[in-house]
Amino acid sequence: MRSVLARLRAFWRGLRRPSQLDADMQDEMRFHIEMETTRLMRRGLSAHEAARQAAVAFGGVEKYRGAGRDVLGLTWVRGLSTDFKLGGRMLAKYPGLTAVALFALSLAIGAGAAYLEFSSTLMHGTLPFADAGRIVGIQLRDRETRELEKRVSADYVAWRDSMRSIEALAAYRELDRNLITDDGRAEPVRGAQITASAFTIAQVPPLLGRVLQPADERPGAAPVAVIGHDIWTTRFASDAAVLGRAIRIGANSYTIVGVMPEGFGLPVHHSLWIPLGFNDAYYPRRSGPPTGVLGKLARGVTLQSAQAELDALALRAAADSPQTHAHLYTTVKPYVESLWAGVDDSSLQTIGLYAFNLFFIGLLALCGANVATLVFARTAMRETEISVRTALGASRCRITGQLFVEALVLSSTAAVIGLTFASATLTWVRNVVTSGMDEPIWFWWRDDLAWQTIAYAGLLAVLAALIVGVVPALKATGVRIQDRLKQATGATSGALKFGGVWTVVIVTQVAVTVIFFAIVGMIGWSAYVTGGGKRPLNVPAGEYVTARLTLDRDAVRDAAATDDQERAEYRRQLRSSYQELSRRLATEPLIKSVTYGTRLPGTNPEFELMNVDGVPPPPSDQVFDVRTVGVGLNYFEAFKAPIVAGRNFSEGDLSPGRHVAIVDRTFARRAFNGQDAVGRLVRRAAGEQTAAGPWVEIVGVVADLTDDTNKQPGEAVLYEPVSPDAAVPFFLAVHARANVESATARLRLVAAEVDPMLRLDKVLTLDRLSDSDRVALDFFARLMAGICVVAIILATAGVYALMSFTVSRRTAEIGIRVALGARPGRVVWNTFSRALAQVTVGLVAGSVPAAFLVWTIGPEVSATNGSQVALWTGVVSTLIVAIMAAVACIGPARRALRMQPTDALKST
């Protein structure tokens, strides 16, 4: 052990002070030579002769100094340092290759790192609390259906009173309410009715005031509330005197007693908390509103111990209440994991989620293989260097190690860029979700990357280096030394060649690019036609204020009512509230009109298949697809859309058993070839598990609400009349006269006055609503476009590398041909015929399956002229890749034609 420590200390000294180590070794060797000289002088030799024989006996000093460095491992370390420096120089020496390689590898590594960070945050996010690892979620599940049982009020009380492995247990209920301040302003908030023990579990002190306390849960206690940092800043302008102010949450009044710091959002993304008490057993078992349970394990208690105690309590509950609990069981999991486990198979969920990383590893392998093609071409330019080093005794392992380190420098740089890209992507995703989609993000979300993600990126960098560096190195160093020396002396034209493996890589690369580009192009066009593109509206979208209209369900909740009775009461009250709201808004001077619909113009309505006039469904390649929208009776009047044929909806159209519809011009043109559509019948086509719908009479034709002049034949829309209680949830549209901001504020105030439980979500102008409705599709389109760009760049770079390699290998041949007077076209053809053949094979190999795929699935994903879209997508994609391959040939071809015969002959 002492010898190992001594060697480690010597190794460390050698790394820190290499000059001192050399001096120490020199002194040690000088001491031994002097001792030997003294011994020889005692035997009668002269000082000069004794010194000479001592030096001869001792041997070469440098040999022993080198052996000493080898023993300590310093020679390898210094060689590695040199390799890293050389790798850095190579990045600068070949800027084109470096740029392409960094672009490809950083995208693949960054995408993999971003996905890992996202999936880890989703399934195993770290709560920003003390002892976060001890916070767990407890759930009740049905043993037969394996679904979550959320009605656990009675069970929570039993767990709280009996469990010893949990030192604190808390319960919460989701609370989506209107927050109404004393100025009458009403806005929806995401809050939670929660027990005071939740703040004990979190151990996060308030920014102002206090948190909820057990006394707040007692019957008769004054109603109090704790607000989040975002509410404090946006609704109260960060007023330090906010404590003690009264607010209304729904129909009830509360006093603010505390403000939580920024970033606190327990249970998930909530920003308001009111007390939840369980002192009265007001719910029997397996009844009551949905309730979540979280707790903190006692110190030293494991999940397995807590699960065992819960299993015992579950058996006791099943014995006491077999009617409700005979098929129930409990689970305890880390808190974040428990939130996203839709079924009790979270381990499989986690495996499936993380297994998708194989896609990114495959993407990295594909990018690495393409970059390896470029690196091999560059390595061929260094054949003389490799030959000389091999002749001087460098082993194949040493040269391969050097090329691996050079590739590692490249991939490590790409990993740094990729991690920066991943962090920016996560920030962008958060902004898209919170701003673009108007949805909350988990409060434990973090834009910075965890160390596990950074380590994962490092592993991907090593994998990329193995593909990019070792594979070409093994090929380059596999040539015999005799062939290398002949090449170095000019006896041959080149030992390294693009063999069968590289030919397969290039052909596959071109083919995959064609296939991928065709599919992505077809999907992108379909998304654009069917709603992904920015569709101009035939209405002044900026003048309309929209909102998703819902009603707080607790306003109509009755523990004794059945689900059907509760739904019926909910719909009745929603209809009553909307009618009163629309009546009040009609008298407002700032508002022109009010209407509603299941979807609004510019957003993506529901997609359905239709039969026309009882004719059987057309063939699958001519499927007639329709966008269906449920609308109010004054929908077209509010949006200033004229009825061009037939009539508008009337009150009688809402009668039971009455089935009428109004279609737009595009629908009439597509379904009836421009003939009169009024009086014709349509119905929803039968599906695999659904029967055909009733026949619907077309009573009118309305002008298109979206401008589809540039997208023939356009989008067909069918409008059906619905009452507010039948369209749940639905979107409200208010046409403002002048100032949209003032109309929005007035809309909120009037809604709060009509019914405090009437909630307006996503209050946006119509143009912003249509934009947010396409955020996810736009993100997907950008991602696919980015991957297409990468594929094309890599394919072009690969073909360029192949052509450049061909020119460098046949320099002497080209010089001789030019010297003998060969025509330029003949020279180009003889030089590039094999490479062009590989590209052609790749184009053909990719075009055939691409054409088959787009022709087969084209009509499915692009029902609007699907066959034509498929045909043109396949043709255009093949042409684009062919053009890019031709562009890649220009540079090497010009270099070959400009080659002077005398310069070329010098290389022979």
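Residues numbered from 1 in each chain as written. Predicted model: local features only at pLDDT ≥ 70, side-chain atom pairs only at ≥ 80, totals over all residues. Heavy atoms only, no water.

This brings us to the overall build of the protein. Helices and strands together make up the secondary structure of the protein, namely 29 helices and 22 strands. For the protein, with 908 residues in total, the buried portion stands at 48%. (Helix = DSSP H or I, 4+ residues; strand = E, 2+ residues; numbered from the N terminus. Buried < 20%, exposed > 50% of the residue type's maximum accessible area, 1.4 Å probe, protein only.)

The buried count for strand S21 (residues 730-736) comes to 7 of 7 residues, which makes it a mostly enclosed element. In this sheet, S21 lies alongside strand S12 (residues 544-551) in antiparallel orientation, the contact comprising 6 bridges. Note on S21: the bridge partner recorded for Val545 is Val734. Where strand S13 (residues 591-597) and S21 come together, 6 bridges link them in antiparallel fashion. From the neighbouring strand, Val594 faces S21, where its bridge partner is Val734. (Pairing = 2+ DSSP bridges.)

Taking 1.5 Å of rise per residue, 30 residues should cover 44 Å, and helix H6 (residues 95-124) covers 41 Å from first to last C-alpha, within 8% of that figure. Counting buried positions over the 30 residues of H6 gives 22, a clear majority of the element. (Expected span 1.5 Å × (residues − 1).)

This part takes up the environment of Ala154. On the secondary structure map, Ala154 appears in helix H7 (residues 153-162). When its relative accessible area of 19% is taken as the criterion, Ala154 is described as buried. When the C-alpha positions of Ala154 and Ser287 are compared, they lie 8.2 Å apart, and in sequence the two are 133 residues distant.

Here Thr453 is to be found in helix H17 (residues 451-476). In terms of polar contacts, Thr453 uses its side chain to reach the side chain of Glu117, at 2.4 Å. (Polar contact = N/O pair within 3.5 Å; in protein donor to acceptor, adjacent residues only side chain to side chain.)

Here we take up the environment of Leu609. Within the element layout of this structure, Leu609 appears in strand S14 (residues 606-612). The exposure class of Leu609 is partly exposed, given its relative accessible area of 36%. Between the alpha carbons of Leu609 and Ala685 there is a distance of 5.5 Å; along the sequence they are 76 residues apart.

A cis amide bond links Leu266 to the next residue, Pro267, at an omega of 10 degrees. Mapped onto the elements, Pro267 comes out in the loop between strand S8 (252-259) and strand S9 (272-275). Even without a glycine there, the phi angle at Ala237 is positive, about 55 degrees. On the secondary structure map, Ala237 appears in the loop between helix H9 (229-235) and strand S7 (246-249).

Note that soluble globular proteins tend to have their nonpolar side chains buried in a common cluster. Residues Leu105, Leu127, Phe129, Phe264, Leu266 and Trp273 are the most contacted members of the largest nonpolar core, which totals 72 residues. Sequence-distant contacts of Leu127, defined by excluding residues within four places in its chain, comprise Ala132, Ile135, Tyr335, Val336, Phe443 and Trp444. One finds Val545, Tyr570, Leu732 and Leu758 within the second-largest nonpolar core, a separate group that totals 26 residues. (Core = buried A, V, L, I, M, F, W, Y, C linked by side-chain atoms within 4.5 Å. Contact = heavy atoms within 4.5 Å.)

This next bit is on the side chain of Asp142. Tracing the sequence through the fold places Asp142 in strand S1 (residues 135-142). Judged by its relative accessible area of 13%, Asp142 is buried. Residues contacting Asp142, with those up to four places away along its chain left out, are Glu147, Arg286, His327, Leu328 and Tyr329.

On the surface, a nonpolar cluster with roughly 340 Å² of combined accessible area is contributed by Val875, Leu879, Ile883 and Val887. Structurally, the position occupied by Val875 is in helix H28 (residues 866-897). (Patch = residues over 30% accessible without salt bridge, like charges linked within 9 Å, V, L, I, M, F, W, Y side chains within 5 Å. Areas by Shrake-Rupley, 256 points an atom, 1.4 Å probe, with all protein chains shown as cover. Salt bridge = Lys/Arg side-chain N within 4 Å of Asp/Glu carboxyl O.)

Let's shift gears to the confidence of the model for the protein. Counting all residues, the mean pLDDT for the protein is 76, and 69% of those residues have values of 70 or more. Every residue in residues 69-77 is under pLDDT 50, and counting partners more than four places away or in other chains gives 19 contacts. Taken together, the stretch residues 709-713 has pLDDT below 50 and engages in 10 contacts with residues farther than four places along the chain or on a different chain. (pLDDT = per-residue confidence, 0-100.)

Turning next to the packing of aromatic side chains. Scanning the entire structure with this criterion turns up 21 aromatic pairs. Plain terms: the ring middles of Phe118 and Trp445 are 6.2 Å apart, the flat faces sit at 70 degrees to each other, and that makes the pair edge-to-face. Remark: Trp445 occurs in the loop between helix H16 (396-436) and H17 and Phe118 occurs in helix H6; sequence separation between them is 327 residues. Since its relative accessible area comes to 31%, Phe118 is described here as partly exposed. (Phe/Tyr/Trp six-rings, centres within 6.5 Å; stacked < 30°, edge-to-face > 60°.)

Inspection of the secondary structure assignment puts Ala104 in helix H6. For the pair formed by Ala104 and Gly368, sequence separation is 264 residues and the distance between their alpha carbons is 8.0 Å.

Taken as a whole, this structure holds 16 salt bridges when the rule is applied. As a salt-bridge pair, Glu569 and Arg572 come within 2.8 Å of each other at their nearest N and O atoms. Residue Glu569 and its partner Arg572 are located together in helix H20 (residues 563-586), separated by 3 residues, close to a single helical turn. For Arg647, the salt bridge is made with Asp653, and the minimal N-O distance between the two is 3.0 Å. A residue is classified by how much of its surface remains accessible, and Asp653, at 4% relative accessible area, is buried. Residues participating in the shared-partner salt-bridge network are Asp131, Arg134, Glu167 and Arg299.

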